[in-house]
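These are the residues of each chain, in order.
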Amino acid sequence: MDCPCTRRAFMKGGAMALLGLGAMPRFLVRTAHAQDAATRPKTLIAIFQRGAVDGLSMVVPHGDPNYYGSRGSIVIARPGGGQGSLDLDGFFGLHPSMASLKPIWDDRHLALVHACGSPDTTRSHFDAQDYMESGTPGVKTTPDGWLARGLQAAPPAGVSPFRAVAMGSQMPRTLRGDIGAIAMGSAGDFDVKQGMGGGGSGLNARAGFESLYEKGVKDILHGTGRETFEAVKMLKAAKLERFQPENGAQYPRGKFGDNLKQIAQLIKADVGLQVAFADMGGWDTHAAQGNERGQLANRLTEFSDGLAALYRDLGDRMADVVILTMSEFGRTVRENGNRGTDHGHATAMLVLGGAIKGGRAYGRWPGLAPEQLYEGRDLAVTTDFRNLFAEVASRHLGIPASAPLFPGFPTNPSKYPGVLV
């Protein structure tokens, strides 16, 4: 029987699973160093609305003459009433549940790109999410994610094991690749865990791990173990708990709010975070979608309150941060028989940050007249999501134009929406 404090025990138990609650961190083969504040990187926070958010309710095209005749009981009332949409520019309005974002729009640090999406026609959540995260619409064999490829092509601002972090128990497709991204269920759980491997009851993995570390075993485990332990020590030393929400920020209760709060803590701790990823489900509103109130309104409240809290919490640091939201596709223009909407095509995406030319809607509006709809039922895509993502990657993160962000799709700055300064 293996002793829990032996090399074999850790290898058998999955030494690579020693950290966090998520996927294996590739930084086990890299050196961990604290990030110097003087070399603080630009940070992108990518937020995926999984399940296909209804972009026509999230950002209401109240100026389109066909909107109010198309949506049945799920229509959002005109601006001006107590429950109506919140007018942005005379044509678009935010869902009334998203009032927390309106001041950011008014301050010109929030922009929207409507009728944005994938050129691929799939209505499968799984395939569409995979295509968007891999950056290769219609191709299922792409092994890595678009942001992983981008970071790999860009020189790091410093050497940090926390360059790319996903909040969650699984590594999202977006960050899969050879960049050493970390998936963590919780920053507080990012530690040597207990109970892996051969079922050793009472196994104290951390104690065993530290014991091996101290013994200085001259093998691969020692090498990876030393770096792993250094990374754990780095996060412990950062003491994320000391970074409490500032500027009156109040994160919504729940996993989404908790994840955004921890992303803010990582940024404030200056651990070298360049890309953070979080997602939120519950957008697949086939039945009882609701209008100004109801299922979708509740999700939009949590979503927008979380973004607004993150923006407020980071304060002046937002000058170096961009928040980009995305969803795999939109929903049908017309209400279905269950007072919901089915899988559609284009949707709306939001971009927030200090370097955003906000207070504007970007992209060409295709219209909601029957002859303007994609396949006679959906909002048409007029902005390929890859052009928006490429603009954020190049102009904010500094990823070179030569980076293979989207294989087979040459990016061209002239086709960028133009959301960044």
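Preceding this paragraph is the structure being described.
Just so we're clear, the structure is a prediction, and the values are computed from it rather than from any experiment.

> Whenever I open this one, the packing of helix 8 (residues 255-268) against helix 9 (residues 295-314) confuses me. Can you help?
In helix packing, the relevant descriptors are the interaxial angle and the interaxial distance, both defined with respect to the helix axes. The interhelical angle for the contact between helix 8 and helix 9, taken along N-to-C directions, is 15°, at an axis separation of 9 Å. Classified by the interaxial angle, the pair formed by helix 8 and helix 9 is roughly parallel. In this structure, helix 8 meets helix 9 at a crossing whose hand is right-handed. Together, F256, L260, A264, I267 and K268 of helix 8 and E302, F303, G306, L307, L310, D313 and L314 of helix 9 make up the contact between the two elements.

> How do you make sense of the packing of aromatic side chains when you look at a structure like this?
In this description, a pair of aromatic rings is defined by centroid distance and the angle of the planes. Under the definition given, this model contains 11 aromatic pairs. Where F91 meets W365, the ring centres are 5.9 Å apart and the plane angle is 70°; that geometry is what we call edge-to-face. Remark: W365 occurs in the loop between strand 11 (361-362) and strand 12 (383-384) and F91 occurs in the loop between strand 3 (86-87) and strand 4 (93-94); sequence separation between them is 274 residues. The partly exposed category is assigned to F91, whose relative accessible area is 25%. Measuring from centroid to centroid gives 5.4 Å for F92 and W365, while their planes differ by 85°, and the two rings are edge-to-face. Of this pair, F92 sits in the loop between strand 3 and strand 4 while W365 sits in the loop between strand 11 and strand 12; the two residues are 273 residues apart in sequence, bridging distant segments of the chain. By the burial criterion, F92 is buried, and W365 matches it. By the ring-pair criterion, three or more aromatic residues cluster together here, those being W146, F385, F389, F406 and F409. Cation over ring: R78 sits above Y68, and NZ or CZ is 4.0 Å from the ring centre.

> Teacher, can you tell me more about the sheet that holds strand 3 here?
The three strands lie next to each other as 2-4-3, forming an open sheet whose pairing is antiparallel. Both edges of this open sheet fall to strand 2 (59-60) and strand 3, since each of them pairs with a single strand only. Bridge count between strand 3 and strand 4: two bridges; the pairing is antiparallel. Residue pairing across strands places D87 opposite G93, the latter belonging to strand 4.

> In this structure, what is going on with the nonpolar core? I would like to understand it.
Residues I45, L101, I263, F303, I323 and L350 are the most contacted members of the largest nonpolar core, which totals 67 residues. Take this core: its biggest share by element is nine residues, from helix 9. Those residues in contact with I323, other than ones at most four positions away along the chain, are I45, I47, L307, L310, M318, L350, V351 and L352. Grouped together as the second largest cluster of nonpolar side chains are 43 residues, C116, L324, A390 and V392 included.

> Which parts of the structure should I look at to understand the environment of G337?
For G337, the location among the structural elements is in the loop between strand 9 (321-326) and strand 10 (347-353). For G337, a relative accessible area of 81% gives the class exposed. Remark: the alpha-carbon pair of G337 and A287, spanning 50 residues in sequence, is separated by 8.3 Å.

> For this particular structure, what's the right way to read the pattern of salt bridges?
A side chain of one charge can pair with a side chain of the opposite charge if their charged atoms are brought near each other. Counted by the stated rule, this structure contains 18 salt bridges. R123 is paired through a salt bridge with E375; the nearest N and O atoms lie 2.6 Å apart. You can see R123 sitting in the loop between strand 5 (110-117) and helix 4 (125-134) and its partner E375 sitting in the loop between strand 11 and strand 12, a full 252 residues away along the chain. Across the salt bridge formed by E246 and K268, the nearest N and O atoms sit 2.9 Å from each other. Of this pair, E246 sits in the loop between helix 7 (220-238) and helix 8 while K268 is found in helix 8, placing the two residues 22 residues apart along the sequence. The exposure class assigned to E246 is partly exposed, which follows from its relative accessible area of 41%. Residues joined in a network through salt bridges with shared partners are R123, E375, R377 and D378.

> Would you take a moment to explain the side chain of R50 for this structure?
With respect to the element layout, R50 can be found in the loop between strand 1 (43-49) and helix 2 (55-58). Of the polar contacts made by the side chain of R50, one reaches the side chain of D279; its length is 2.8 Å. When near neighbours in sequence (up to four residues on either side) are disregarded, R50 contacts Q129, E133, P172, F277, D279, M280, G281, G282, W283 and E328.

> Just checking my understanding: could you explain the side chain of R71 for this structure?
In this structure, R71 sits in the loop between strand 2 and strand 3. On the basis of relative accessible area, R71 is assigned to the buried category, the value being 0%. Within the local environment of R71, its side chain forms a polar contact with the backbone oxygen of V333, the two atoms lying 2.8 Å apart. Aside from chain neighbours lying at most four places away, what touches R71 is D54, L56, S57, T332, V333, E335 and T341.

> What is the right way to look at unusual backbone geometry in this model?
In this structure, A115 is a non-glycine residue whose phi angle is positive, near 55°. Following the sequence through the fold, A115 ends up in strand 5. Residue classification places A115 among the buried positions, given a relative accessible area of 0%. Even without being a glycine, R339 presents a positive backbone phi close to 60°. When you line up the elements, R339 lands in the loop between strand 9 and strand 10.

Rules used in this analysis
- Residues numbered from 1 in each chain as written.
- Predicted model: local features only at pLDDT ≥ 70, side-chain atom pairs only at ≥ 80, totals over all residues.
- Heavy atoms only, no water.
- Axes fitted to C-alpha atoms, helices over the stretch in contact; angles between N-to-C directions.
- Helix = DSSP H or I, 4+ residues; strand = E, 2+ residues; numbered from the N terminus.
- Parallel < 35°, antiparallel > 145°, perpendicular 65-115°, else oblique.
- Left-handed = near helix turned anticlockwise from the far one by under 90°.
- Contact = heavy atoms within 4.5 Å.
- Phe/Tyr/Trp six-rings, centres within 6.5 Å; stacked < 30°, edge-to-face > 60°.
- Buried < 20%, exposed > 50% of the residue type's maximum accessible area, 1.4 Å probe, protein only.
- Lys NZ or Arg CZ within 6 Å of the ring centre and 35° of its normal.
- Pairing = 2+ DSSP bridges.
- Core = buried A, V, L, I, M, F, W, Y, C linked by side-chain atoms within 4.5 Å.
- Salt bridge = Lys/Arg side-chain N within 4 Å of Asp/Glu carboxyl O.
- Polar contact = N/O pair within 3.5 Å; in protein donor to acceptor, adjacent residues only side chain to side chain.

Nothing here speaks to function; it is all geometry.
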